[in-house]
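# Observations on chain architecture
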Amino acid sequence: NIPADVKLALFFGFIRKYKGLDLLLEAMAKSPDIHVLIAGECYEDWNFYQKIIDKHRLANRLHLHVDFIPAEQVRVFFSAADLVVQPYRSATQSGISQIAYHFEQPMVVTRVGGLPEIVTDGVSGYVVEPEPDAIAAAMNDFFANHRDVTFQEGVRSEKQRFSWEYLGNQLLDNAAE
C-alpha cells in the first residue's frame, strides 16, 4: 500500500539501539520528500521511537512492519525500496548489506565497523558519519540528483567482490604465490 511514486528508503532488520533507527527518524525530519519503510522486529521500547515520530510528525511518511519478517517476504521489502539505509551507531559487519547487494539496491551506511569496507562511497552508495545530518544529506543527494541508475550499476559491479567465483579466484591466486 505504498504509492509507487514516492521516494522510498528501507530500514530492514531487527530494531535495536545500536542500529540507529532513531538517527534515521531524525534524518527524515530533514528530508521532507522521503518516505521510509521500516521492516523488522522491534527489540527495544517502541515508545522511544514513537516520540521521535510524533515530535517530527513523520507518521504519514512511515510505513511500519515491525514484526518478524519471514525469509520468503524479504524480497518484497527490498524490491519496494529505492535505497537501503543502515544508520548504525556501531557494527562489525551487516548481513543487510549483502542482501542489498543481492537485490541490487544502493545503500547508505555509517562509518562504523566494517561497513565502509562493504560499500564503496560514491559507487554503490554512501558512507557517512552516524549523524542525522549526514544521513539526511546522503538520502537527499540520492533522490535530488537521480543517482539510482548510476549507483545500481555500481552495486552490480561491486557485488562481484562477494561472489563465490571471486573468492575462489582469490584463494587460487594466493595458493599459487
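Residues numbered from 1 in each chain as written. Predicted model: local features only at pLDDT ≥ 70, side-chain atom pairs only at ≥ 80, totals over all residues. Heavy atoms only, no water.

One way to put it is that helix α1 (residues 21–28) packs onto helix α6 (residues 132–144) with a least axis distance of 8 Å and a crossing angle of 60°. With respect to α6, the axis of α1 lies oblique. Of the two elements, α1 crosses α6, and the hand of that crossing is right-handed. On α6, the residues touching Leu-23, Leu-24, Glu-26 and Ala-27 of α1 are Pro-132, Ile-135, Ala-136 and Met-139. Looking at the contact of α1 with α6 residue by residue, the classes come out as 7 nonpolar, no polar and 1 charged. (Axes fitted to C-alpha atoms, helices over the stretch in contact; angles between N-to-C directions. Helix = DSSP H or I, 4+ residues; strand = E, 2+ residues; numbered from the N terminus. Parallel < 35°, antiparallel > 145°, perpendicular 65-115°, else oblique. Left-handed = near helix turned anticlockwise from the far one by under 90°. Contact = heavy atoms within 4.5 Å. Nonpolar A, V, L, I, M, F, W, Y, C, P; charged D, E, K, R; others polar.)

Okay, helix α4 (residues 95–102) next. Buried within α4 are the following residues: Ile-96, Ser-97, Ala-100 and Tyr-101. Relative to the axis of α4, the buried residues are bounded by an arc of 145° and lie together on one face. Residues of α4 that are buried make contact with β1 (7–12), α3 (74–80), β4 (83–86), β5 (107–110), α5 (115–118) and α7 (148–158). N-cap assignment for α4: the residue whose side-chain oxygen lies 3.1 Å from the backbone N of Ile-96 is Ser-94. Note on α4: the residue one or two positions beyond its end, Glu-104, has a positive phi of about 55°. (Buried < 20%, exposed > 50% of the residue type's maximum accessible area, 1.4 Å probe, protein only. Arc of directions from axis to C-beta. Polar contact = N/O pair within 3.5 Å; in protein donor to acceptor, adjacent residues only side chain to side chain.)

Our focus in this paragraph is α7. It helps to recall that an α-helix has 3.6 residues per turn; residues three or four apart then point in one direction. Here α7 has its buried residues at Phe-151, Gly-154, Val-155 and Glu-158. Buried positions in α7, seen along its axis, are confined to an arc of 100° and lie on one side of it. Where α7 is buried, its residues meet α4, β6 (125–128) and α6.

What follows is about the pattern of salt bridges. Inspection of the entire model under this criterion finds 6 salt bridges. Its salt-bridge partner being Arg-156, residue Glu-104 comes within 3.2 Å of it at the nearest N-O pair. Residue Glu-104 is located in the loop between α4 and β5, and its partner Arg-156 is located in helix α7; the two are separated by 52 residues in the primary sequence. Put simply, Arg-147 and Asp-141 hold a salt bridge, and the shortest N to O gap is 2.5 Å. The partly exposed category is assigned to Arg-147, whose relative accessible area is 30%. Among the charged side chains, a network of salt bridges with common partners joins Lys-17, Asp-22 and Arg-89. (Salt bridge = Lys/Arg side-chain N within 4 Å of Asp/Glu carboxyl O.)

The two faces of the sheet receive side chains in turn, since in a regular strand these alternate between them. Here β5 shows no split at all, with Met-107 and Val-109 on one side and Val-108 and Thr-110 on the other all buried. Here 3 bridges tie β4 to β5, and the two strands are oriented parallel to one another. Bridge pairing in β5 places Val-85 opposite Val-108. Handedness of the crossover joining β4 and β5 through α4 is recorded here as right-handed. (Pairing = 2+ DSSP bridges. Right-handed = clockwise from strand over helix to strand, strands pointing away.)

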